[in-house]
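This is what each chain is made of:
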Amino acid sequence: MLAMNYRGPYRVRAAQKAEPRIEHPNDAIVRVTRSCICGSDLHLYHGLVPDTRVGQTFGHEFTGVVEEVGPSVRNLKKGDHVLVPFNIFCGTCFFCKKELFSNCHNVNPEATAVGGIYGYSHTTGGYDGGQAELVRVPMADVGPHLLPADMDLDDAVLLTDAFPTGYQAAEMGGIVEGDTVVVFGAGPVGLFAAKSAWLMGAGRVIVVDHVEYRLEFARNFAQCEIVNFREVDDMAMHIKKMTDWLGADVCIDAVGAEAAGNALQYLTGVKLKLQAGAATVLHWAINSVRKGGTVSIVGVYGPTFNMVPIGNVVNKGLTLRANQASVKRHLPRLIEHIQAGRIKPSEVITHRFPLEAVSDAYHIFSSKLDNCIKPVLVPAMH
């Protein structure tokens, strides 16, 4: 089969690879109909995630048609069209019972923090992902979600990660009616966080980035205010000026490890890898939120340490909330929002590529060329 193949930092290609097979009675084999490249895939592409091994296939956002099921699978059958949450989870452990599907205890022997994720290095279990013609789906009775009959495929693939992650970012902010919410990052997750903040009753939404076309897209898609941080001397002071000198009620970090905006953070976190990514946005969020406010973190950082102003957190009485999104928990509500016409996730898709052009797709997305917001890979037969 054809699959994306990682050859080292900034080097990916489409290559022939052995087809996956049923390895466990509860596996399914899914033929991919859509897969996305995620902003967090770029952390892998840039060599910033530990134990990303040559030969791995990335891709944790995909839909597909079930080709084969293992003997113990009861909830799926051949021919079912499913969206597959990026979390791999068992559904029965201590954490899954609390609907913390991203923290499943049984699917990732490499870590005690995050659970399993498709195509996201051996730090999240070493599973191959969906930027391929076929993918093995473990725990097939609990992960995949049957596509509603009227669901657009392009909307469905964004329900596997980007939309639920943005939604959970807003949810973890504990937004109440009238709140001022600042979202750092105008990529797809930040866009969905901004849109979700309105759904939860925010009175004001501000999106911060430095790429003009992304900011303009955010203004149009999320009907929000925008700030280009390149035009601001001090982010915390700027947000306070915008909020009667109080600060925002909620700040959301939808950027993570590769944040620009601070030369020292970028040098130590991205170039020299002395910390687990540049913590620039964490500083901005902690310092821009009001006293007693909430900082919600969905941006990806490495599993070591970061230079974070924890004293400011203590003295301001802040609440910090963070996690990988537990996609399955959100799906009923998000499908309802789509069917009611409140949001159309596929509006963030700007580029489509055939799977064989995956190398070009990564280059264009990574380099922010051609006003790219969200690229989707479409296998030849779909």
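Since the model is a prediction, treat every value here as computed from it, not as a measurement.

Colleague: What exactly am I supposed to notice about the pairing of strand β5 (residues 81-84) here?
Modeller: Put simply, side chains in a regular strand alternate between the two faces of the sheet. Where strand β4 (residues 62-69) meets β5, 4 bridges bridge the pair, whose relative direction is antiparallel. Opposite T63, over in β5, you have L83 as the bridge partner. Relative to strand β9 (residues 145-146), β5 runs antiparallel, the two being bridged by 2 bridges. What sits directly across from L83, in β9, is H145.

Colleague: What exactly am I supposed to notice about the environment of L331 here?
Modeller: Mapped onto the elements of the fold, L331 is located in helix α11 (residues 327-339). In sequence terms L331 and K344 are 13 residues apart; their C-alpha atoms lie 14 Å from each other. Once residues lying within four places of it in the same chain are set aside, the contact partners of L331 are L83, P85, H145 and L159.

Colleague: Just to check I follow, could you spell out a nonpolar patch on the surface for this structure?
Modeller: A surface patch of nonpolar side chains, amounting to about 410 Å² of accessible area, comprises L264, L267, L272 and L274. Along the chain, L264 falls in helix α8 (residues 263-271). Accessibility expressed as a relative area gives 56% for L264, which makes it exposed.

Colleague: Looking at this structure, how should I read the pattern of salt bridges?
Modeller: Pairing is possible between side chains of opposite charge, provided their charged atoms come close. Going through the model one piece at a time under the given rule, you end up with 16 salt bridges. The closest approach of N and O atoms between K344 and D155, which form a salt bridge, is 2.8 Å. Pair noted here: K344 is in the loop between α11 and β16 (351-354) and D155 is in helix α3 (residues 153-157), with a separation of 189 residues, a long-range link. We classify D155 as buried; its relative accessible area is 3%. Within this structure, E23, D27 and R136 form a network of salt bridges that share partners.

Parameters and conventions
Residues numbered from 1 in each chain as written. Predicted model: local features only at pLDDT ≥ 70, side-chain atom pairs only at ≥ 80, totals over all residues. Heavy atoms only, no water. Pairing = 2+ DSSP bridges. Helix = DSSP H or I, 4+ residues; strand = E, 2+ residues; numbered from the N terminus. Contact = heavy atoms within 4.5 Å. Patch = residues over 30% accessible without salt bridge, like charges linked within 9 Å, V, L, I, M, F, W, Y side chains within 5 Å. Areas by Shrake-Rupley, 256 points an atom, 1.4 Å probe, with all protein chains shown as cover. Salt bridge = Lys/Arg side-chain N within 4 Å of Asp/Glu carboxyl O. Buried < 20%, exposed > 50% of the residue type's maximum accessible area, 1.4 Å probe, protein only.

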